[in-house]
Amino acid sequence: MGDKVACEFDVQFVCADVQSDKVKYVAIAFQRGDNKGEIPKVKKDGADGLYSWDDVSKSFQVSMQRDESSKKFKSKSLTLHLLRVGSSGNTLLGTGKVDLADFVNARAKSTTVQVKKGTMTLRISGTVRKDVESDAESSASAASMEDTSFDDVDEETIADAEAFELEADTTQEAQKQLAKLGSRSESSAAHKSSAGSKKAYPEPNFSQGRVKFQVIAHILEARELVGKDGNGMSDPMVQVTVVDKKSETSTKKNTVNCTFDEILFFDSKLGPDSFRGGKINIQVFDANSVMRNELIGAFEFGISDVYFREGHEVHKQWVALVDTTLKNEGIQGYLKLSVRVLGPGDIATTHGESDDEMDNDEDADLSSMVLMPPDISTETKVLEVKVGRGAGLPKMDRIGTVDPYVKVKFGGVKGKTKYIKNSQNPTWMQSVEIPVTLPALSDTIDISLYDHDTADSDDLIATHFLSLSDVMERGGLPPRWVNFYCVPFNVSKQLREIAEPTFFAGRVNIEVDWKDPVEGEKLVAAEKYCGSVPEPKVERWWVHVDVWEANELSSGDKSFVEIEMATSKSKTDVRSNKKHTVRWFSNLPELELELSTDVQSNPDLFINVMTSTLTSSNRVGFLRIPFEELVSSSEIKPGWKTLRPDMASKAYTSEQVPGFILYRAQAGKMSSGPPPKRYNVAQPALSVYELRAYLFSARGLPAGDKSGMNDPYVVCNCAGMKSKSQTKRQTNDPDFFECLVMSVSLPDELNLAPDVQLVVWDWDRIGSNDQIGRISLKTPQLLLNNAEKPKPTLYDLFLDDPNQSTGSLLACVQLLPENAASLDPPTDIQPKMKKCSLQVSLVGARSLLPKSTFGLNAPWVELDGGSRSDKALIVKTKASSKPSAVNPNFQELLNLSLKIPEDPLFAPRANLTVMDTKGLSKVVVGVVSVPLAPLLPWLSSQQRAEINRDIQIADGMYIPGSTTRQELAGDVKEDLSMAAVKGANSDDVAINIANHSDSDPDDDDVEQPLLKKSKSKKKKSASMKRRQRVPKNGDGSSAPEDEEVELAGAGASEDLQFEAANIDDPVMSRPAERVELERIIQGTAFDELQLFRGKVRGLSKKEKKQREKALLEFNARKPAGKLKACVQLTENKTGQSAGRVIPVKDLASQKVIVRLYVIRGIQVVPKDSGGTSDPFIQIAYGPGKKTIIKDKNSMREQTLNPEFYCVYEMELNLPGDSEIDIQVWDWDKVGSNDLIGTTTIDVENRWFNDEWKGYAKKPLEIRSLWSPKSRLPQGRIELWMDVMSMSEASMTPKIDIQPPVPEPYEMRIIIWNTRNVVFKDGDSSDIYVVAFMEDDKKNKQETDVHWNSDDGTGMFNWRMKFKLDLPYKLPRMKLQIWDKDTVTSDDSIGEAAISLQKLFQRAYVQKKSQALEAQWVALYHPNFEGIQGEVEMSLEVLTAAEAAARPNGKGQEEPNAFPKLDPPDRPETSFGPFALGKRLKLFGKKMMKVMIGLGILAVIGGGIALYFYIQYGPAAFVKGGGSGGKEGGGGGKQK
């Protein structure tokens, strides 16, 4: 092996070079084992063109191994990623490695690392420190770095390089790295993600049906679109298709570069297949009034690919458009957009980043202000899918069988084979070629099997998904059989969406090639004959399936087992179901099949447990086993497996495991020898064991009764024997402290013994009991030789999905041989207890939800120690309806004496229950459970932190104090903006603890959170500076701008920040947060405890249907309000305490003034048919929120980003009715208005919070809007709130937040000359120049025409003047060169889009003119390569006063001054087409074009004359001729 030495390497980063002139900043990301990071960005040096670092170095300590014989060090790699740094994120330019073994004992040795798009120069020194016995690096870090790839880079360092936007590195290798970071490969058969994929979020839960997703496409701008019209321009329009829903932007006329800034919303209910295979198709069309719209180019996203990205989004990225009709090759233009996919409870990310157009230097010239297309490199490959023959396809037609064909789809391009008439075993021998443009952000290749119908639409039989990354990595796929599975066709469409495909729909032999396109050959996605498609080699296989028994079956009196592999089946005899157990002890008949030697080509094995009746059989549950799992060189042992539910079966029982089965399955080749002897499945020999189930407690059980509580008990099942615990009444956190003992007969071979099942049930007085959850324990793992003291383990309970927790059970199960069970189990398993006092300072209840339409009377609060069964252990407050029954104040201290376990593992949870009266009866308004483990006074800080972490992991809890949306949404899924519990499984709350222990030196009197967020809280963000505010338009709507606020230092140039800071603006100068302020403020004066009531289990069909629609149903579980309180636990003996109490009786009622400053809405959902809304503000507050401010004046027409700038003042009494609902509504002229969304702020939480009061200026915050009809966010709103006493308010005037008044300016442009203008009329062009602001095309201005330019030169000396109001909403100018045509339409020569934002910014801030001297600007056209012409122009922006002091006219009109413009000195050849007095020898092609046009008109006129002559004869040309003339009869009088 050799010895190991510890080495230290000092790496100095010297410089980098990039093969592009467009890269402004670069950085380097590095990784050596676990040591990774980023070297700061540097700017390109103007002198040498390099990117140089000044004394930047990094040290690495590496354990190096030296070869024993050669004494050389083995390789250890340092991985380096060269990054292009841009305002939209970082882009990977290439990856390289340095072998540190080459630098041991080196001193400042220089090396250059070559990467794809550049080089990096380093100086490395290596020093041997000392010999070590073992590697100093961790095993993970010390693993070979030879396979280090892009996915080793810290994702936060180069987050945007993981996506499809690898502008510089778009080769296959880059695409493979992208796939490793963000893609996934799903098989329709297996419903699994590829093992190598990385997902930022878990898979959505489709167990309860389809899930509603919101897709938001923000179409920003397009550049360099191919011109489709005769004049070389296009009328671009973007159409977005999400699955089967379409929406489109407005149309931009006559341009190839345009800004849309439009938001398209889609709400789609998706099942697992439509989520995994669904696409977001972006198409840019040239819109036509009469003819069909013509596709310019398209790009496609996978819905799941976007969802699994960080933030569920692709943010402000450029994509290259390609023609998916394959009529045109290459890039057809570029589109900048954001795409976001949100599921229930997801919150949209708010970004802080700079405007792309603000990266210019202060002294930027005109050429640098021209907006160029993005630097996106693409590569085209060909995906060829060869389709051979099919076998075993299902019958689809009433007459005949099936007319099948195969369709292949990727990236919006699709091709298909021909259909084969009436064949279940068709032969195609055709290939479908799909061109693939890399990079791509869709990894799913759809291989679909269809049935052709002549008179109706074709029927989809089944779809199989292939992974593009898998195809690329392997360079194609060898011949294989693709096995298709689908949901049976006789079930409803809704079930087909959510049920798992279990019906074999045939197989198709395919081969996939991944190749380069043939040079010069046009790409088409059409089928073609490909000769024979090789089939995998086949041979005879045997398949053995042995079944013993099934237990815990959910349904069926008689059952049998049926196995399926493709179309081959075998089954057992029918046996009776006794106590939910069926025993077969059967070797199913051997399946002898001809299958492929490639095991991945072979169909899956299905083991189905069926119920049997006289008329039918239905599947209770099934196992699906991939064929490769059946093949083993050694004997496969039998084992127990959990059956999977079949939602398409009539025997399906929701929320329950179908059962468990003991089986064995194995397959092998006949060529390897005869099949082995069948396993002996006779009744095994049994031995008697004693099973001891120690039940300690259950925690966090989901409510099963309308009261929000359960009556739980536990049943222990094993081998047909059962034992039941005591029932605990009205608790979700029962303490059992009970041992169940059973004598069970188990097989001597314990691996054949069934699992031990611990099932928690909720007892119901009327009707059947409801199962809460279960755990399954492998019997052999429970065996002990001798009785031991029980060691409890906390298990997660589940129903049908082990990944969906339904609470936890603390238990210990022991299995003892009968001869080892002589010692009786302990009679008392209660842990050691301590006497404590639980104190709760109750301020009041807020936003209580009444149980009936009659409202609330006078609620009160009851406190118990975990169970409500013992009335003696319940203390309660007085009933209160002050200031209102919905928001009652209690201001009482409740004290409850308890015995608390010393071990926090056993600590109970206290319940706070809000009660009310309904007639003569008492009703439960809501319940909340408070974990007491973190409040144990005798714990150290470290123990308490560990408990907090464990509780959060187990129950999904978080810090309270945030605004709840649960009153609106009726869903209990996690939402960081609401005070509710993550998941529907826990009623627990988070509370703040101040530990008052005097004995533990680790515990300080410092308030600390009981439960922490999964990510550490970020420091309070620096003051956020917004982009320059734009004045409101006439309708009050805002100008188009980026949807996000801008953080100072987040990429904005320093001079812009300096200029913005000079503006005395009450909004821009205010600190800001990108989230709700509740998520930023650390402490709270008291804690918010979320109340719940109602059931989450045992719902009726109606209730389930209502819950799926996200509507509030009376019996369904829902939030019921919140309590404001503080909790403290004190040990009686020592006086130690943890938590806190506050003097609630001292909280005197006081009046406060609330001023709410509402700035703007951000991406509010559209409510009108046109895809927009007319938003306005409505405020609800006061007792019962019955005081309404309906601000009709705040209505902004037809916008999704309304600028409000409204101020509202309200008076509140605190503590009391303290919540304010800020609602955004859509105004409707006809009918009722529509609620868009609501955000709620609890003023009480702020007024009594010292940290909030500590803000000198209350910060801006961006809050999510929520609707009671959806679990998806409905947009966001930006605002801030001031709260002050009555006296403070009288002395403090309201702040005027209206945007700055627009100031008049004038922009003057002089077009001096053109040069190098391409010819459009053979050997000349008739040149003129057009300029206009992009959003004001009707006020475009143009020069006169320079006729007959035969050298591309045009002379103008032409002044253009534009009246502007600054700040300007879209500061972009279009500059165009045109060729004038007299008869036909003018021809577009070239176009440039010029950003004037920086120039306008300086003029507005400095209040003086800004000028740019005459410079040449290059113009381009996407239809042609290279520069199409250049314009020499100068530009000046003046204030209105400066413009009035320096008057001048347009063109060369008077007053001709500032400067005086002389008529251009054009050559004699420059004259118009009708200047016939000019020399006839200059009668050139231009005049020929005119004459040809006149000739065409003459021919048309002659044709019309001939028509009349034929129709009416010569009389048609004689006066008075034609029918109806005075001369009577049928014709006129002839001469």
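Residues numbered from 1 in each chain as written. Predicted model: local features only at pLDDT ≥ 70, side-chain atom pairs only at ≥ 80, totals over all residues. Heavy atoms only, no water.

Caption draft 1: View of the overall build of the protein. Of regular secondary structure, the protein possesses 16 helices and 71 strands. The buried share of the protein, reckoned over its 1535 residues, is 57%. For the protein, the share of sequence-separated contacts (at least 6 apart) that also reach a separation of at least 24 residues comes to 71%. Accessible area of the protein: about 64,100 Å², with a carbon and sulfur share of 49%. (Helix = DSSP H or I, 4+ residues; strand = E, 2+ residues; numbered from the N terminus. Buried < 20%, exposed > 50% of the residue type's maximum accessible area, 1.4 Å probe, protein only. Contact = heavy atoms within 4.5 Å. Areas by Shrake-Rupley, 256 points an atom, 1.4 Å probe, with all protein chains shown as cover.)

Caption draft 2: Inspection of the nonpolar core at higher detail. In terms of nonpolar packing, the biggest core is built from 43 residues, with Val240, Ile280, Phe301 and Leu335 touching the most fellow members. The dominant element in this core, judged by the number of residues it contributes, is strand β9 (residues 211–223), at 6 residues. For Val240, the residues in contact, after removing those within four places along its chain, are Ala217, Ile219, Lys245, Lys246, Ser247, Leu264, Phe266, Ile280, Asn281 and Ile282. (Core = buried A, V, L, I, M, F, W, Y, C linked by side-chain atoms within 4.5 Å.)

Caption draft 3: Spatial organisation of the sheet that holds strand β62 (residues 1276–1285). The strand order β58-β55-β62-β61 describes an open sheet built from 4 strands, whose pairing is antiparallel. The sheet terminates laterally at β58 (1203–1214) and β61 (1261–1264), the two strands that pair on one side only. Along the sheet, successive strands turn relative to each other by an average axial angle of 35°, direction set aside. Taken together, the 10 bridges between strand β55 (residues 1150–1162) and β58 define a ladder with antiparallel strand orientation. Looking across to β58, one finds that Ile1153 is bridged to Glu1211. (Pairing = 2+ DSSP bridges. Axes fitted to C-alpha atoms, helices over the stretch in contact; angles between N-to-C directions.)

Caption draft 4: Focus on the sheet that holds strand β25 (residues 527–529). With antiparallel pairing, 5 strands are arranged side by side in an open sheet as β23-β24-β17-β20-β25. Bordering the open sheet on either side are β23 (476–486) and β25, each of which pairs with just one other strand. Adjacent strand axes in the sheet meet at a mean angle of 30° when their direction is disregarded. Where strand β17 (residues 379–391) lies against strand β20 (residues 427–438), 10 bridges are found, and the strand directions are antiparallel. Counterpart to Leu383 in the pairing with β20 is Ile434.

Caption draft 5: Expanded view of the pattern of salt bridges. By the definition in use, this model includes 58 salt bridges. The partner of Lys1122 in a salt bridge is Glu1219, with the nearest N and O atoms 2.7 Å apart. Here the residue Lys1122 occupies a position in strand β53 (residues 1118–1131), and Glu1219 occupies one in strand β59 (residues 1219–1226), the gap between them amounting to 97 residues. Exposure class is identical for Lys1122 and Glu1219. Each is buried. Note that Lys1361 and Glu1306 form a salt bridge whose closest N and O atoms lie 3.7 Å from each other. With Lys1361 in strand β67 (residues 1354–1366) and Glu1306 in strand β63 (residues 1303–1315), this pair connects stretches of sequence that are 55 residues apart. The exposure class of Glu1306 is buried, given its relative accessible area of 3%. Each of Arg846, Glu1088, Lys1122, Lys1124, Lys1185, Glu1219, Asp1221, Asp1242 and Glu1244 takes part in salt bridges that share partners, so that together they form one network. (Salt bridge = Lys/Arg side-chain N within 4 Å of Asp/Glu carboxyl O.)

Caption draft 6: Structural detail: the confidence of the model for the protein. Mean pLDDT over the protein works out to 80, with 81% of the residues at or above the 70 mark. Taken together, the stretch residues 1032–1063 has pLDDT below 50 and engages in 100 contacts with residues farther than four places along the chain or on a different chain. The low-confidence segment residues 1519–1535 (pLDDT under 50) makes 10 contacts with residues lying over four places distant or belonging to another chain. (pLDDT = per-residue confidence, 0-100.)

Caption draft 7: Main features of a positive patch on the surface. A surface patch of positive charge is lined by Arg210, Lys212, Lys245, Lys269, Lys493, Lys1167 and Lys1269. Looking at the element boundaries, Lys269 is found in strand β12 (residues 258–270). (Patch = residues over 30% accessible without salt bridge, like charges linked within 9 Å, V, L, I, M, F, W, Y side chains within 5 Å. Lys, Arg positive; Asp, Glu negative; His and termini not counted. Charge placed at Lys NZ, Arg CZ, Asp CG, Glu CD.)

Caption draft 8: Local environment of unusual backbone geometry. A cis amide bond, omega 0°, links Lys882 with the succeeding residue Pro883. Structurally, the position occupied by Pro883 is in the loop between β46 (874–876) and β47 (889–901). Between Phe1458 and Pro1459 the backbone carries a cis peptide bond, its omega angle lying at -10°. Within the fold, Pro1459 resides in the loop between α15 (1440–1445) and α16 (1485–1512). Unusually for a residue other than glycine, Asn254 sits at a positive phi of about 55°. Judged by its relative accessible area of 21%, Asn254 is partly exposed. Although it is not a glycine, Lys1407 adopts a positive phi angle of roughly 60°. Tracing the sequence through the fold places Lys1407 in the loop between α14 (1397–1406) and β70 (1410–1420).

Caption draft 9: Expanded view of the packing of aromatic side chains. A complete count under the given rule lists 21 aromatic pairs for this structure. Measuring from ring centre to ring centre gives 5.6 Å for Phe1176 and Trp1227, while their planes differ by 75°; the resulting arrangement is edge-to-face. Of this pair, Phe1176 sits in strand β56 (residues 1175–1181) while Trp1227 sits in the loop between β59 and β60 (1234–1242); the two residues are 51 residues apart in sequence, bridging distant segments of the chain. A connected cluster of aromatic rings, assembled from ring pairs, spans Phe206, Phe213, Phe275, Tyr307 and Phe308. In this arrangement the basic side chain of Lys1380 is found over the ring face of Tyr1328, its NZ or CZ atom lying 5.6 Å from the centre. (Phe/Tyr/Trp six-rings, centres within 6.5 Å; stacked < 30°, edge-to-face > 60°. Lys NZ or Arg CZ within 6 Å of the ring centre and 35° of its normal.)

Caption draft 10: Focus on the environment of Ala820. Tracing the backbone through its elements, the reader meets Ala820 in the loop between β43 (805–817) and β44 (833–846). For Ala820, a relative accessible area of 12% corresponds to the buried category. If we ignore the near neighbours within four places in the chain, the residues touching Ala820 are Asn785, Asn786 and Ala787.

Caption draft 11: Layout of α14. Counting buried residues in α14 gives 9 out of 10 residues, a clear majority hidden from the surface. Buried within α14 we find Gln1397, Lys1398, Leu1399, Phe1400, Gln1401, Arg1402, Ala1403, Tyr1404 and Val1405.

Caption draft 12: Here's a closer look at the pairing of strand β68 (residues 1372–1379). Taking burial as the measure, the 8 residues of β68 include 8 buried ones, the bulk of the element. Pairing of strand β64 (residues 1325–1333) with β68, which is carried by 7 bridges, proceeds in the antiparallel orientation. Looking across to β68, one finds that Val1329 is bridged to Ile1377. As defined by bridge partners, β68 adjoins strand β69 (residues 1387–1395) across 8 bridges and the pair is classed as antiparallel. Paired with Met1373 across the strands is Ile1394, a residue of β69.

Caption draft 13: Molecular detail of a nonpolar patch on the surface. On the surface, Ile1492, Leu1494, Ile1496, Leu1497, Ile1500, Ile1504, Tyr1507 and Phe1508 cluster together into a nonpolar patch covering about 800 Å² of accessible area. Structurally, Ile1500 is set in helix α16. Here Ile1500 falls in the partly exposed class, since its relative accessible area comes to 47%.

Caption draft 14: View of the state of the cysteines. Per the counting criterion, the structure on display carries 0 disulfides. Not engaged in a disulfide, the cysteine Cys739 finds its nearest cysteine sulfur in Cys812; these two sulfurs lie 8.9 Å apart. (Disulfide = S-S within 2.5 Å.)

Caption draft 15: How the structure looks around the environment of Ala698. Inspection of the secondary structure assignment puts Ala698 in strand β36 (residues 686–699). A C-alpha to C-alpha distance of 8.8 Å links Ala698 and Leu794, two positions 96 residues apart in sequence. Here Ala698 is in contact with Asn732, Asp733, Pro734, Phe736, Ser808 and Leu809, once residues within four sequence places are set aside.

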